[in-house]
Each structure stands twice: as structure tokens, then as C-alpha cells.
Amino acid sequence: MQRCFELAQLGAGNVAPNPIVGAVLVYEHRILGEGFHAQYGGPHAEVNCFQSVQPEDRSLIEAATLYCSLEPCSHYGKTPPCADLVIKNQVKKLVISNLDPNPLVAGKGVEKIRAAGIEVETGLLEDAGAWLNRIFFKWIQQKTPYIILKWAQSQDGYIGISGARTSISNPITQRLNHRWRSEIAAILVGNTTAMVDNPSLNTRAYPGPNPLRIALDRHANIPGDYHLFDDQQETWIYGPPRTGDWQKLQFMDRYDPFEIPALLEQLSQAQKTSLLVEGGAHLLKQFISQNYWDEIRVIENAQMLGGGISAPDLPVQLDLKTRFKVQDDQISVYVRSVAK
Ligand code: AOF
Ligand code: ZN
């Protein structure tokens, strides 16, 4: 199942609004085949898994166990039901982590496979599976984007020096941040960050798709020669329309005043399942005080800035999900606390 999770992760950023899914076919401690959902609209993990089995191993499928990180689907979507494929292949046993919360599936895949006489075990590493697909789970249940707040702060609690682009994290963490960007649908910055940093908001340090980038520009003050206007990737500007020949850039209404619920509504309509808020402090504090967040990632190191823009205070109700080091940077991932 851990291997299913690893495989699933390879689809992150390319399959939304679908879940990330991995599948592994095992016969007597040997992997006969494996696959993952790699592209939205493309074949599901199970299809790729069965297809990867070598001809000389095909006769072993009937005695093999199929592991899937998510319940095989039972519906005709962009692709035919994986439950039918599992039944056609007559595997001996199916083991899954999570049931698919998609109301079109929701247990029907497992039901169908059991009815065909195949043994099914559910709930293996269930919590880890739900964490892996947290974006999809929120989307399918609430049809609103999963919100991640992210910032880097110095040891003395500042995220930057006023009016200057400030670098806090190291280049390896920077690369991790670009990986994070490749795994989400949209990335948002406030006006001050757009003005001071001239950010590109792309994934240049990590191989992966670029997210939709969004910037606030109520007073139309972001210079037209800044990266945000380079038309290199899909971009939403919340500000008065300007004249220009952009293919990928849109000016959005409802920018004055800018309101988080309106943004979330527009993201939902565009099927954007996740949002990464990268600053600045003012915007991050707004998301926290209005209680719009699912996850917070904080990067800290021993650097002292001695003054500047204060990092947001963490919300009171939260749990530390994981903490790790990237060289001298410490990365903490927080989630909402769950009643224990
Ligand atoms: C699986 N295996 O690898 C994935 C599943 O439009 P479609 O045909 O791509 O179906 C999308 C839905 O199928 C998606 O919302 C989710 O319920 C399920 N995803 N199911 O058996 C997979 N990615
Ligand atoms: Zn499927």
C-alpha cells in the first residue's frame, strides 16, 4: 500500500479534480505490475497496473492480490469502470485503503467486486490514504478548494523586511516550494508581495505543471513589465481591466473590495480544487482571521532579521501534522485540530 501511495503521488498536479491513485498487483511477494493515474481524463491506476504485467506473468493474475490506494470506480466517467476490469481479471483478492467518497462510487465498486466472488479488504493505512487525497476528499465533499497557507519566517518572527524582497529559506527548500506549487491548482499573492517581489509564481526549480497564479491589483499599480503580466501561464488579476494582447491572463471582477468567499466561488466554478496562499503577511492574516484555511506550512531557520514584517500568529486550534528539516530550514505542517 505504501508503494501505491508513492505511485499515486506521481500524478499530483496532473489529475485534479480527480484523486491521485496508485495500484500494485502482487503474487507471492513479487510485484507483477503497477500503475497510477497520470493524467486527467486518462486511464485509471488499475488500467495501467494490469497493462504493465508481462505476458509470461499473465497466468498468475488469478492468484494475485491487487492493492489500490482508492476503491476501484463503478461508474462510466471519462473512462469505463475499474471494478469491471478487476472482475474481468479475476484477481484472488483486492485490498484498498480508502473508499471513494465520490457519490457516483461510494462503496458501489467494492460491492460489485465482492458480488463477483472476489475477497475485498478495506481500510488498510486508511488515515495515510485520506491524508494523501485530502485535496480530492474536500473537493468531492464540499466543492470548494483546499486552502494551504505558507510562509517562511526568521527566528525572531519576521517574514521579511518592509519594502524589499527578502530571502529566508535555502535553495533546496525553494525547490520543495516549487514542488508544492506543482501539486496545487492555484497560487495567490497580495498586492504588496506582487509589487515588492515581482514574483513569477511558477515551478522553474522543479519539473511539474505551473499553477494558475492570482494577484490582487485593485489600484492597477503592478507594473505591466512584471512577470505576472508575461503571459507565460494562466493568470487571474483582481483589478481593473487593462488593454493588452494576453492569451492566458484574465482580469477578474469582484476586486473592490476583494473578498475571500468570492475568490473561492470563482475558483470552484473553474474546477480549481486547491489554493496555495504565499503571502504577504496581510493576506495570510486575513485568511487566518476569517478562518479560511485547511493546512499551514511554516518554514523557519536561525536567521535573525532584527525587525520588519511580523509573521502571522498561528491559529489557536491546530495540530502539528509533520515536521522535518531541509538542511538548516525546519518545515512544520499544521492542520486543524480534530477532536480526540
Ligand atoms: C479509480 N482509479 O485511478 C481514479 C479513480 O472521469 P473519470 O473516468 O476519470 O473518473 C473520475 C472519477 O473516478 C473520480 O472522480 C474518482 O471518483 C474516480 N477516480 N478511480 O478507480 C483511479 N483516479
Ligand atoms: Zn477507475
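Looking at the overall build of the chain
Here is step 1 of the chain: For the chain, the count of helices and strands is 10 helices and 16 strands.
Here is step 2 of the chain: Computed over the C-alpha atoms, the radius of gyration of the chain is 22 Å, within 12% of the 20 Å expected from 2.2 N^0.38 for a compact globule of 340 residues.
Here is step 3 of the chain: By its C-alpha atoms, the chain is 65 × 45 × 40 Å across when sized along the principal axes.
Here is step 4 of the chain: Of all 340 residues assigned to the chain, the portion counted as buried reaches 51%.

As for the coordination of the zinc ion (ligand 2)
Here is step 1 of the chain: Those donors, H44 (ND1), C73 (SG) and C82 (SG), are the protein atoms that reach the zinc ion (ligand 2), and they lie 2.0 to 2.2 Å from it.
Here is step 2 of the chain: Given 4 donor atoms and angles of 97 to 119 degrees at the metal, the environment of the zinc ion (ligand 2) is assigned as tetrahedral.

Digging into helix α9 (residues 260-269)
Here is step 1 of the chain: Burial analysis of α9 places 7 of its 10 residues in the buried class, the great majority of the element.
Here is step 2 of the chain: Along α9, the residues classified as buried are I260, A262, L263, L264, Q266, L267 and S268.
Here is step 3 of the chain: Looking one or two residues beyond α9, the residue adopting positive phi is Q271, at roughly 60 degrees.

Points about the site of ligand 1
Here is step 1 of the chain: By nearness alone, 18 residues border ligand 1, and H44, E46, C73, K78 and D100 come closest of all.
Here is step 2 of the chain: Within the backbone of A45, a nitrogen or oxygen atom sits 2.8 Å from an oxygen atom of ligand 1.
Here is step 3 of the chain: Between ligand 1 and D100 there is a distance of 2.5 Å, counted from an oxygen atom to a side-chain nitrogen or oxygen.
Here is step 4 of the chain: When ligand 1 is considered free in solution it has 520 Å² of accessible area, and contact with the protein chains removes 95% of it.
Here is step 5 of the chain: Class assignment for the residues of the shell around ligand 1 results in 7 nonpolar, 7 polar and 4 charged.

Conventions and cut-offs
Residues numbered from 1 in each chain as written. Chains lettered and ligands numbered in written order. Predicted model: local features only at pLDDT ≥ 70, side-chain atom pairs only at ≥ 80, totals over all residues. Heavy atoms only, no water. Helix = DSSP H or I, 4+ residues; strand = E, 2+ residues; numbered from the N terminus. Rg over C-alpha atoms; globule rule 2.2 N^0.38 Å. Buried < 20%, exposed > 50% of the residue type's maximum accessible area, 1.4 Å probe, protein only. Donors = N, O, S within 2.8 Å, 3.2 Å for Na, K, Ca; no water. Tetrahedral: all angles 85-135°; square planar, octahedral: opposite > 155°, others 65-115°. Near = heavy atom within 4 Å. Polar contact = N/O pair within 3.5 Å; in protein donor to acceptor, adjacent residues only side chain to side chain. Areas by Shrake-Rupley, 256 points an atom, 1.4 Å probe, with all protein chains shown as cover. Nonpolar A, V, L, I, M, F, W, Y, C, P; charged D, E, K, R; others polar.

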